[in-house]
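Now for the letters of each chain:
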Amino acid sequence: MTGKERREQLIDIGRTLFAERGYDATSVEEIAHKAGVSKPVVYEHFGGKEGLYAVVVDRETSALLDMVTSALTGGHPRELLEQAAFALLDYIDQNTDGFRILVRDSPVAQSTGTFASLISDIASQVEDVLGLEFKSRGYDPKLAPMYAQMLVGMVALTGQWWLDVRRPKKAEVAAHLVNLAWNGLSGIEPKPRLVGRRSS
């Protein structure tokens, strides 16, 4: 096996184990054993478990961002919302192990691939679309980043739930997500106010 092939083998094994057990419960010994190599081989390629984990998280982050970015191909804002919902649900469906890794809190301090940072990156892409929609409706486009976080967070948390239950079917989940988000947005108040006693 070439060095490159060995590296890919270790990444695949690490990805599977991190998804099944999490970072803390996965050991370098186990990774090496499953690959049929000694522990020093893992250290040689990645410097340790932390390095391997960081590579796995980075790859999964890139894969999810690529799926979302390529899904947002234009059209009506509601269609863009559908495309974003489907992109995340497709990723969960096709990369279950990767999504399980991403939704766990990263124990590696230097890792920038935390689920929260990933959601923030996706929301940044959505906020441009929302900003244009807000402006066309006469609302303050400066609020678009906050609404983007809300929308993407709603889709992401629903995705986490759907990961385990897998029902209803993906298209139905996407339809309900868009129903809530779109119909909520279509009736949005330009200056919402609280109706209860609490004001801060």
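Overview of the structure. The structure displayed is predicted, hence computed values, not measured ones.

Cut-off values and rules
- Residues numbered from 1 in each chain as written.
- Predicted model: local features only at pLDDT ≥ 70, side-chain atom pairs only at ≥ 80, totals over all residues.
- Heavy atoms only, no water.
- Salt bridge = Lys/Arg side-chain N within 4 Å of Asp/Glu carboxyl O.
- Helix = DSSP H or I, 4+ residues; strand = E, 2+ residues; numbered from the N terminus.
- Buried < 20%, exposed > 50% of the residue type's maximum accessible area, 1.4 Å probe, protein only.
- Patch = residues over 30% accessible without salt bridge, like charges linked within 9 Å, V, L, I, M, F, W, Y side chains within 5 Å.
- Areas by Shrake-Rupley, 256 points an atom, 1.4 Å probe, with all protein chains shown as cover.
- Axes fitted to C-alpha atoms, helices over the stretch in contact; angles between N-to-C directions.
- Parallel < 35°, antiparallel > 145°, perpendicular 65-115°, else oblique.
- Left-handed = near helix turned anticlockwise from the far one by under 90°.
- Contact = heavy atoms within 4.5 Å.
- Nonpolar A, V, L, I, M, F, W, Y, C, P; charged D, E, K, R; others polar.

Side chains that differ in sign of charge can pair as their charged atoms come close. By the definition in use, this model includes 10 salt bridges. Ionic pairing is found between Arg78 and Glu82, a salt bridge with its closest N-O pair at 3.8 Å. You can see Arg78 and its partner Glu82 sitting in helix H5 (residues 77-94), 4 residues apart, about one turn around the helix. Taking relative accessible area as the criterion, Arg78 reaches 29% and is therefore assigned partly exposed. Note that Arg100 and Asp164 form a salt bridge whose closest N and O atoms lie 3.2 Å from each other. Placement of the pair is Arg100 in helix H6 (residues 96-103) and Asp164 in helix H8 (residues 144-165), with a sequence separation of 64 residues. Residue Arg100 is classed as partly exposed on the basis of its relative accessible area, which comes to 28%. Three or more residues are tied together by salt bridges with common partners; here these are Asp90, Asp93, Arg166 and Lys170.

Attention now goes to a nonpolar patch on the surface. There is a patch of nonpolar side chains on the surface, built from Leu143, Met146 and Met150 and spanning about 260 Å² of accessible area. For Leu143, the position within the fold is in the loop between helix H7 (115-136) and H8. You can call Leu143 partly exposed: its relative accessible area is 34%.

Let us look at the packing of H5 against helix H9 (residues 170-186). Close contact between H5 and H9 brings their axes to 9 Å; oriented N to C, the two are set at 140 degrees. On the basis of their axis angle, the class for H5 and H9 is oblique. The two elements H5 and H9 cross, and the hand of that crossing is right-handed. Counted together, Pro77, Arg78, Leu81, Glu82, Ala85, Phe86, Leu89, Asp90 and Asp93 of H5 and Lys170, Ala171, Val173, Ala174, Leu177, Val178, Ala181, Trp182 and Asn183 of H9 form the full contact between these two elements. Partitioning the contact of H5 with H9 into residue classes produces 12 nonpolar, 1 polar and 5 charged.

Time to look at the environment of Val155. Tracing the backbone shows Val155 in helix H8. C-alpha of Val155 to C-alpha of Phe86: the two residues are 69 residues apart in sequence and 9.5 Å apart in space. Discounting chain neighbours no more than four positions away, the residues touching Val155 are Ala85, Leu88 and Leu177.

All right, on to the packing of helix H4 (residues 49-71) against H7 then. Viewed as axis vectors pointing N to C, H4 and H7 meet at an angle of 20 degrees, and their least axial separation amounts to 11 Å. Between H4 and H7, the angle falls in the class roughly parallel. Crossing geometry of H4 relative to H7 is assigned as right-handed. Across the interface between the two elements, Thr61, Leu64, Leu65, Val68 and Thr69 of H4 pack against Leu118, Asp121, Ile122 and Gln125 of H7. Among the residues forming the contact of H4 with H7, the class breakdown is 5 nonpolar, 3 polar and 1 charged.

Okay, the environment of Thr26 next. As for its position among the elements, Thr26 is in the loop between helix H1 (3-21) and helix H2 (28-35). A C-alpha to C-alpha distance of 35 Å links Thr26 and Ala148, two positions 122 residues apart in sequence. With residues near it in sequence (within four places) discarded, Thr26 still touches Leu17, Phe18, Arg21, Ile31 and Lys49.

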